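# Close look at the chain arrangement
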Amino acid sequence: GVMLLLGVGQNDTEDDVKKLVKKVAGLRIFNDSNDKMNLSCIDEFVNGKFMVVSQFTLYANSTHGKRPDMFEAARPEKAIPLYEKFVALLNDECRTLSGKPEENFVVTGKFGAHMRISFTNLGPKTFILESEKLK
């Protein structure tokens, strides 16, 4: 599956969420039988899920001093609804693309909670998607 760290910025909107969901759901980042990155997480051969974790520190600015600031991250009153919208829309999009309307494709942690998450990166594949670059 995919470990997805989602940061919500002050300028992010529902339109940004919708564009990001479309991109993420169909992103072909898994290798096929010819060792080419041609498969998405929800393709039958992969049969994966998305773990979506809120991560405001993705907006850390560490250009000044030694303590990163998170001023560009959205406050919880804005970030929580956009995070929840992203999770719901991603699950809906995966259901539509896969033709499996009853399947649950997304798991989450608890927004803002201190969580211990362990995953194995079968890579070297790490991708950064920024909503402002999808506009």
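The coordinates are above.
Only a predicted model underlies this, so the values are computations on that prediction, with no experimental measurement involved.

## Let's talk about the packing of aromatic side chains
Applying the stated criterion across every chain yields a total of one aromatic pair. Lying across the ring of Phe105, Lys49 places its NZ or CZ 5.3 Å from the centre.

## A few points about the pattern of salt bridges
Tallied over the full model, the rule gives six salt bridges. For Glu14, the salt bridge goes to Lys85, with nearest N and O atoms at 3.7 Å. Here the residue Glu14 occupies a position in helix α1 (residues 14–26), and Lys85 occupies one in helix α2 (residues 76–98), the gap between them amounting to 71 residues. Of the residues examined, Glu14 reaches a relative accessible area of 41% and is grouped as partly exposed.

## Regarding the environment of Glu130
Note on placement: Glu130 falls in the segment after β5 (106–108). In the structure, Glu130 is positioned 114 residues away from Asp16 in sequence and 9.2 Å away in space, judged by C-alpha atoms.

Here is what the cut-offs are and how they apply
Residues numbered from 1 in each chain as written. Predicted model: local features only at pLDDT ≥ 70, side-chain atom pairs only at ≥ 80, totals over all residues. Heavy atoms only, no water. Phe/Tyr/Trp six-rings, centres within 6.5 Å; stacked < 30°, edge-to-face > 60°. Lys NZ or Arg CZ within 6 Å of the ring centre and 35° of its normal. Salt bridge = Lys/Arg side-chain N within 4 Å of Asp/Glu carboxyl O. Helix = DSSP H or I, 4+ residues; strand = E, 2+ residues; numbered from the N terminus. Buried < 20%, exposed > 50% of the residue type's maximum accessible area, 1.4 Å probe, protein only.

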